[in-house]
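# Structural characterization, general
In case you want the letters, here they are:
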Amino acid sequence: MFTPADLHLRVQQFYHRQMGLLDDGLPERWADTFTEDAAFLEPHRLEPLRGRATIRASARARADRLAAQRVHFRHWLNMLDVREQEDGSVRTRVYALAMRTEEGGSLDVFASVVCRDHLRPDGTGWLVRLREIDHDGSDLRTAGAR
Amino acid sequence: MFTPADLHLRVQQFYHRQMGLLDDGLPERWADTFTEDAAFLEPHRLEPLRGRATIRASARARADRLAAQRVHFRHWLNMLDVREQEDGSVRTRVYALAMRTEEGGSLDVFASVVCRDHLRPDGTGWLVRLREIDHDGSDLRTAGAR
Amino acid sequence: MFTPADLHLRVQQFYHRQMGLLDDGLPERWADTFTEDAAFLEPHRLEPLRGRATIRASARARADRLAAQRVHFRHWLNMLDVREQEDGSVRTRVYALAMRTEEGGSLDVFASVVCRDHLRPDGTGWLVRLREIDHDGSDLRTAGAR
């Protein structure tokens, strides 16, 4: 049941850099960390996004909204659990906190979510094939969370 | 003073999975991660709990209360420090944030605590022999924190 | 681009222990983790601090203020990214949450910041040569963040 140190940290580093791209306002580079046929499921908030192009367009629209509102968005990930699959892909579960600070305003830590991913190896890194996000306090649950 | 990568991550993975059990509403499986004679000290909040059976009963009662209130509880652990002891056990210090979201409500990050544990090896994993929790903003301190 | 597990964890452990010193009210020992000629830049909050002695004096004054206000301060670090440099030093980026709890009061998670450090090896540990801190929601940015 122990995930080797190197594998754990390779996945962890992937996440830190991936979410850093989103927080740094680089949604296209963030979208490039998904496979062409990736699915992004977040039932509490939006319709399923299917395919990298759709994920990219959604992320760009979101970045534009945040810039217009002069909001700094920040994702914190924690409590990462990595399970290697027989085919070399990994399934992960990680907690995330979503927080925002309006320019000149105060910090608002506004959502706790659980993210379940299926990652496939891509060279020394990873690509997201499937991301399922469940919000605490929501009745809705992704199929994968059952 | 450096804790080897493998040991650090074995302890970290233990914590992520252990607290995941509590957050997932599986208090009995969470209680199974304590030794039969474990002590759980949280002076700010409750009487000392002594023994796995007592810890289990308390955790079950708490899970039932949260379910009745339709509250999603979430524990975040961070800033883990692991110190290996000569007998192969480890002493740890880890920060924890306690947060809750009522169904349909908003996130409440309500407590910052410091958790000090004494873990003994159990196969490839660990069991908690002693857990001492101190709440920020409280005058009360466990003996172990001195 | 992968930072080896041992290096990543040696840096991570440095941070956990370093910030633990500040949270434990040991500002002098915290200041000792900076080089003699270190610079500490936090444009949103204070003038640049140059040199360990200046950093120490500022940290002591801050600790005294918090003690007088009976406030428990807590730093959380996360999303650590470590980049080894050719000369054996490392450049890091890490997110931090600043939170405080007044005695008898409730938790206030009040600031999200990004910290960029330049660390040089010091035996088995590290010393901070440069720390640049940017607050979410602030227009001000350190030069290094460009």
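Described below are features of the structure shown in this document. (Residues numbered from 1 in each chain as written. Chains lettered and ligands numbered in written order. Predicted model: local features only at pLDDT ≥ 70, side-chain atom pairs only at ≥ 80, totals over all residues. Heavy atoms only, no water.)

## A closer look at the nonpolar core
For clarity, the cut-off: The set of buried Ala, Val, Leu, Ile, Met, Phe, Trp, Tyr and Cys residues whose side-chain atoms join them within 4.5 Å is what this entry labels a nonpolar core. Exposure is judged per residue with a 1.4 Å probe applied to protein chains only, and the accessible area is read against the type maximum: over 50% gives exposed, under 20% gives buried, and values in between give partly exposed. In what follows, residue pairs with any heavy atoms lying within 4.5 Å of each other are defined as contacts.
Ranked by size, the top nonpolar core spans 118 residues in total, and within it A:Val11, A:Trp30, B:Val11, B:Trp30, C:Val11 and C:Trp30 carry the most contacts. The residues touching C:Trp30, leaving out its near neighbours within four places in the chain, are C:Gln18, C:Met19, C:Leu21, C:Leu22, C:Phe40, C:Ile55, C:Ala59 and C:Arg131. Counting 6 residues, the second-largest nonpolar core is a separate cluster that includes A:Ala5, A:Leu9, B:Leu9 and C:Ala5.

## Here's the deal with the interface of chain A and chain B
Stated precisely, the cut-off is as follows: A simple way to read buried area is as the amount of 1.4 Å-probe accessible surface that goes missing from two parts once joined, with both sides added. When a carboxyl oxygen of Asp or Glu is within 4 Å of a side-chain nitrogen of Lys or Arg, the pair counts as a salt bridge. Identification of polar contacts relies on pairs of N or O atoms within 3.5 Å, with a donor-acceptor requirement for protein atoms, meaning one able to donate a hydrogen and the other able to accept it, and with residues adjacent in sequence counted only if both atoms are side-chain atoms. Segments assigned H or I by DSSP are reported as helices when at least four residues long, segments assigned E as strands when at least two residues long, and all are numbered from the N terminus. Residues were grouped as follows: Ala, Val, Leu, Ile, Met, Phe, Trp, Tyr, Cys and Pro as nonpolar; Asp, Glu, Lys and Arg as charged; and all remaining residues, including Gly, as polar.
Facing the 30 residues of chain A at the interface are 27 residues of chain B. Across the interface of chain A and chain B, roughly 2,300 Å² is buried in total on both sides, 56% from carbon and sulfur atoms. Counting every contact that joins chain A to chain B gives 3 salt bridges. Inspection of the region where chain A meets chain B yields 11 residue pairs in polar contact (both at pLDDT 80 or more). Going through the elements one at a time, α1 (5–23), β3 (71–84), β4 (90–102) and β5 (107–122) of chain A are the ones with two or more residues in the side of chain A that touches chain B. When residues in the side of chain A that touches chain B are grouped by element, the largest group, 8 residues, is from β3(A). Along the lines of polarity and charge, the residues of the side of chain A that touches chain B split into 16 nonpolar, 8 polar and 6 charged.

## Observations concerning the interface of chain C and chain A
Listed as interface residues are 30 residues of chain C and, on the opposing side, 27 residues of chain A. Taken together, chain C and chain A are joined by 3 salt bridges. Between C:Asp136 and A:Arg74 there is a salt bridge whose closest N-O contact spans 2.6 Å. At the level of elements, α1 (5–23), β3 (71–84), β4 (90–102) and β5 (107–122) of chain C are the ones that each hand at least two residues to the side of chain C that touches chain A. Per-element tally for the side of chain C that touches chain A: the top contributor is β3(C), with 8 residues.

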